[in-house]
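# A closer look at the structure
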Amino acid sequence: KESQPKKRQQKNNQKKITVVSPVQMKVTVIFFYRNSMDREHDIMGQMISKRRQDKINMVASQRQQGLTVVLEDIHDPHNAAAVIRSCDAFGVQDVYFIFHHQKAFNPRKIGKVSSASANKWLDFHTYKNPGDCLDVLKAEDYTSFATILDDRATSVYETSFLDAKVALLFGNEHAGISDELASL
């Protein structure tokens, strides 16, 4: 009978945390506490070394400032995952999604294996219509450049991207950007 209270006490003095590592392996970490004061200790401080935290901070500080990507009505989530990986590789922090004709999907849930690392580090913003998205970008002083096949379009080779903040707009795989987005 004396062993039962010890087991209960042991369960009360443990905390279970499930962590997803960068290689997408679920790891369950169980911390045992000697007393209630230990519970107040910062758990994440035990899990990430100072060297690792410094590296994360260094990489984050080298992200592109003033460059963002907007994806409108992407049909295939795997195409969005490819763009997300490219954004991560080129240091683009914010990716905007507009879903007004295509079925919306959660950018964090796509590319579980191939884009998992990128999904963790980027910020996603989702809108139901192009006007709301561009209003936010304009309020943040972004100049928008869209990919469009039109006789009136300026060639990418003749375009100056020297603006302080640039938003690159990409449309649907089949139809390109919508007329509504093009008119804005």
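Residues numbered from 1 in each chain as written. Predicted model: local features only at pLDDT ≥ 70, side-chain atom pairs only at ≥ 80, totals over all residues. Heavy atoms only, no water.

## Things to note about the overall build of the protein chain
Rules: Only runs of H or I of at least four residues qualify as helices and only runs of E of at least two qualify as strands under DSSP, and these elements are numbered from the N terminus. The rule is simple: take the accessible area with a 1.4 Å probe, protein chains only, and divide by the maximum for that residue type; under 20% is buried, over 50% is exposed, in between is partly exposed. In this description, contact between two residues means that some pair of their heavy atoms is separated by no more than 4.5 Å. Per-residue and other accessible areas were derived by the Shrake-Rupley procedure at a 1.4 Å probe size, with only the shown protein chains allowed to occlude residues.
For the protein chain, the helix and strand inventory stands at eight helices and seven strands. For the protein chain, with 184 residues in total, the buried portion stands at 30%. Sequence separation of at least 24 residues holds for 68% of the intrachain contacts in the protein chain that already meet a minimum separation of 6. Accessible surface computed for the protein chain: about 12,900 Å², of which carbon and sulfur atoms make up 52%.

## Considering the side chain of Arg63
We apply this condition: Within 3.5 Å is the distance limit for a polar contact, defined as a pair of N or O atoms, with the added protein rule that one can donate a hydrogen and the other accept it, and that residues adjacent in sequence qualify only through two side-chain atoms.
Within the element layout of this structure, Arg63 appears in the loop between helix H4 (50-61) and strand S3 (67-72). At a separation of 2.7 Å, a polar atom in the side chain of Arg63 contacts the side chain of Asp88. Those residues in contact with Arg63, other than ones at most four positions away along the chain, are Cys87, Asp88, Gly91, Val92, Gln93, Trp121 and Leu122.

## Let's talk about the pairing of S3
Our working rule: By definition, two strands form a pair when at least two bridges between them are found by DSSP. By the criterion used throughout, a crossover qualifies as right-handed when its path from the first strand across the helix to the second strand runs clockwise, the strands pointing away from the viewer.
When you tally the buried positions in S3, you get five out of six residues, the bulk of the element. Two elements, S3 and strand S7 (residues 166-170), share five bridges in a ladder whose sense is parallel. Counted as the bridge partner of Leu67 is Val166 from S7. Note: S3 against strand S4 (residues 94-98), four bridges, orientation parallel. Bridge pairing in S4 places Leu71 opposite Phe97. Handedness of the crossover is the feature at issue here: the chain leaves S3, passes through helix H5 (residues 77-90), returns alongside S4, and the resulting connection is right-handed.

## Considering the sheet that holds S7
Note the cut-off: A fitted line through C-alpha atoms serves as each axis, taken over the contacting stretch for helices, and the angle formed by two N-to-C directions is quoted from 0 to 180°.
In spatial order, the strands read S5-S4-S3-S7-S6; together these five strands make up an open sheet with parallel pairing. Bordering the open sheet on either side are strand S5 (123-127) and strand S6 (143-146), each of which pairs with just one other strand. Averaged over all adjacent pairs, the angle separating strand axes in this sheet is 20 degrees, with direction ignored. Note that S6 and S7 share four bridges and pair parallel.

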